[in-house]
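# Breakdown of the fold
Residue strings, one per chain:
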Amino acid sequence: MNVLVINAGSSSLKYQLMNPETGDVSAKGLCERIYIDGRLTHKVGDKKVVKDIPMPSHSEAIEAVLDILVDPVDGVIKSVDEIDAVGHRVLHGGMKFSDSCIIDDKCIKAIEDCIPLGPLHNPANLMGIRACQAVMPNTPQVAVFDTAFHMTMPPKAYRYAIPTEYFKNDDIRRYGFHGTSHKYVARRTAELVGKKEFKMVNCHLGNGSSLSAIKDGKCMDTSMGLSPLAGVPMGTRSGDIDACVVQFICNKYNMSVDDCLTMLNKKSGMLALSGVSSDFRDLSEGVDNGNENCQLALDKFCYEVAKYVGAYAAALNGIDVLTFTAGVGENDHVVRASVCEYLGFMGVKLDPEKNKVRGKEMLISTPDSKVQVWVVPTNEELMIAQDTRDLVLAARK
Ligand code: ADP
């Protein structure tokens, strides 16, 4: 089966054509500068093609993707009919989606209803869906939600301690994000440890970061909230912050709440503390050159990640496995070592040699560590492709 995985942003669209059985990616790429001018970067194996193609909307971007996929020189399929299904990443499924779903009018209406909860992403995701429907009307499409994996959280984890009317009337609660990644890592870890019933904390540490407490494959708690701003500090996001900081800054600097939130989302986190960069590679370089602000940013990050792991270990009454994934979690051994050092009290012991691993599945704890620590590279596209395959095959029956 060939599944086209689409991740549509407001001015960009990422795609992968993949086999959900093997995980093989036959082609992948990115449309950028949609609505501005338009550029397609297409990769098949090591070969990369970059083309400037006018993209006045997401429709032209999808058309450009399909054209290059069937191109006699740069393509990988003979006809668009060889695409069996399309899987779309959708940011916010609100309380309406606890799983992926086949896209029909009802599903589209529900994604629209979630726009107030995901005002930046859901409209872009919908544009990607509509563009695909227009150019490939007979190909089944599936929506895979970033929030769905977290819908198993109990009320004590997802409710905010604010007046009930905001929950009842407006669906204000913790949702959590990176769900596709947490789900992939939870499933893969179950295969790696050879068990279905165990307790784990997954640390998805990338440009955006979130942690999830997972019991027997089900999410029990997660660090992001109504939006991806909550939880640990991130590349450019502050993470958890006292709401009175917003009030203080807005009043003192005559700033709107929206502008203040943009500051907390885009100009905070590692970028703000280091004054240098949001990229952890730059922070390490800064530390090597004696930059104390870069050291503070990294210290703060590892400290907060370790605090969340400790909190989730308490929430689950102990954990069996700790996993690290995403750009930082898979590659940055210094961050992993620093987080695990805080967790020595729970019997976490890293093997320093094994911990040097980058981007590969690996058990990095010592045999006598009370908690197994693994690096498990995430694969959100594969998870989307597999959910898409499962739903499309079930619908055919
Ligand atoms: P996103 O949240 O955008 O999906 P990723 O999971 O791809 O991000 O993570 C991107 C981040 O991973 C980069 O900003 C960078 O800080 C970090 N990163 C990537 N490679 C390395 C590396 N070799 N060492 C340390 N950090 C890395």
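A brief structural summary. (Residues numbered from 1 in each chain as written. Predicted model: local features only at pLDDT ≥ 70, side-chain atom pairs only at ≥ 80, totals over all residues. Heavy atoms only, no water.)

This part takes up the packing of aromatic side chains. To describe a pair of aromatic rings, you give the distance between the ring centres and the angle between the ring planes. Within this structure, the stated rule accounts for 5 aromatic pairs. On the basis of an interplanar angle of 35° and a centroid distance of 6.1 Å, the ring pair of tyrosine 158 and phenylalanine 167 is categorised as tilted. Of the residues examined, tyrosine 158 reaches a relative accessible area of 14% and is grouped as buried. Residue classification places phenylalanine 167 among the buried positions, given a relative accessible area of 14%. Judged by centre distance (4.8 Å) and plane angle (70°), the rings of phenylalanine 280 and phenylalanine 301 are edge-to-face. One end of the pair, phenylalanine 280, is in helix 10 (residues 280-288); the other, phenylalanine 301, is in helix 11 (residues 292-315), and 21 residues separate them in sequence. Owing to a relative accessible area of 0%, phenylalanine 301 belongs among the buried residues under this scheme. The ring centre of tyrosine 158 lies 3.7 Å from the NZ or CZ of arginine 173, which sits over that ring. For the cation-ring pair, arginine 173 lies above tyrosine 175, with the distance from its terminal atom to the ring centre recorded as 4.9 Å. (Phe/Tyr/Trp six-rings, centres within 6.5 Å; stacked < 30°, edge-to-face > 60°. Buried < 20%, exposed > 50% of the residue type's maximum accessible area, 1.4 Å probe, protein only. Helix = DSSP H or I, 4+ residues; strand = E, 2+ residues; numbered from the N terminus. Lys NZ or Arg CZ within 6 Å of the ring centre and 35° of its normal.)

A word on the site of the ligand. The environment of the ligand is made up of Gly206, Asn207, Gly208, Asp279, Phe280, Arg281, Ala326, Gly327, Val328, Asn331, Asp332 and Arg358. Within the side chain of aspartate 279, an N or O atom sits 3.3 Å from an oxygen atom of the ligand. Its free accessible area being 570 Å², the ligand has 69% of it covered by the protein chains. Breaking the shell around the ligand down by element, the ones donating at least two residues are helix 10 and helix 12 (326-331). Per element, the largest residue contribution to the shell around the ligand is 4 residues, and it comes from helix 12. (Near = heavy atom within 4 Å. Polar contact = N/O pair within 3.5 Å; in protein donor to acceptor, adjacent residues only side chain to side chain. Areas by Shrake-Rupley, 256 points an atom, 1.4 Å probe, with all protein chains shown as cover.)

For the pair helix 6 (residues 179-193) and helix 14 (residues 380-396), interaxial distance at closest approach is 8 Å and the crossing angle is 85°. Considering the angle they form, helix 6 stands roughly perpendicular to helix 14. Taken together, the residues of helix 14 that come into contact with helix 6 (itself represented by Thr180, Ser181, Lys183, Tyr184 and Arg187) are Glu380, Leu382, Met383, Ile384 and Asp387. Of the residues contributing to the contact of helix 6 with helix 14, the split by class is 4 nonpolar, 2 polar and 4 charged. (Axes fitted to C-alpha atoms, helices over the stretch in contact; angles between N-to-C directions. Parallel < 35°, antiparallel > 145°, perpendicular 65-115°, else oblique. Contact = heavy atoms within 4.5 Å. Nonpolar A, V, L, I, M, F, W, Y, C, P; charged D, E, K, R; others polar.)

A separate point is the sheet that holds strand 11 (residues 218-222). As a general point, the strands of a sheet are linked pairwise by backbone hydrogen bonds and lie either parallel or antiparallel. Overall, mixed pairing links the 6 strands, which are arranged 11-10-9-12-14-13 in an open sheet. The outermost strands of the open sheet, each flanked by one partner alone, are strand 11 and strand 13 (362-363). Pairing between strand 13 and strand 14 (residues 372-375): 2 bridges, direction antiparallel. Looking at the pairing, methionine 362 lines up with valine 375 of strand 14. Relative to strand 9 (residues 199-205), helix 6 is tilted by about 130°, and along the sheet it contacts strand 9, strand 10 (209-215), strand 11, strand 12 (321-325) and strand 14. (Pairing = 2+ DSSP bridges.)

Membership of the largest hydrophobic core comes to 37 residues, with the highest contact counts inside it found for Val309 and Leu322. With 11 residues, helix 11 is the single largest residue contributor to this core. Discounting chain neighbours no more than four positions away, the residues touching valine 309 are Val201, Cys203, Leu211, Ile319, Leu322, Leu343 and Met346. One finds Ala85, Val142, Val193 and Val376 within the second-largest nonpolar core, a separate group that totals 28 residues. (Core = buried A, V, L, I, M, F, W, Y, C linked by side-chain atoms within 4.5 Å.)

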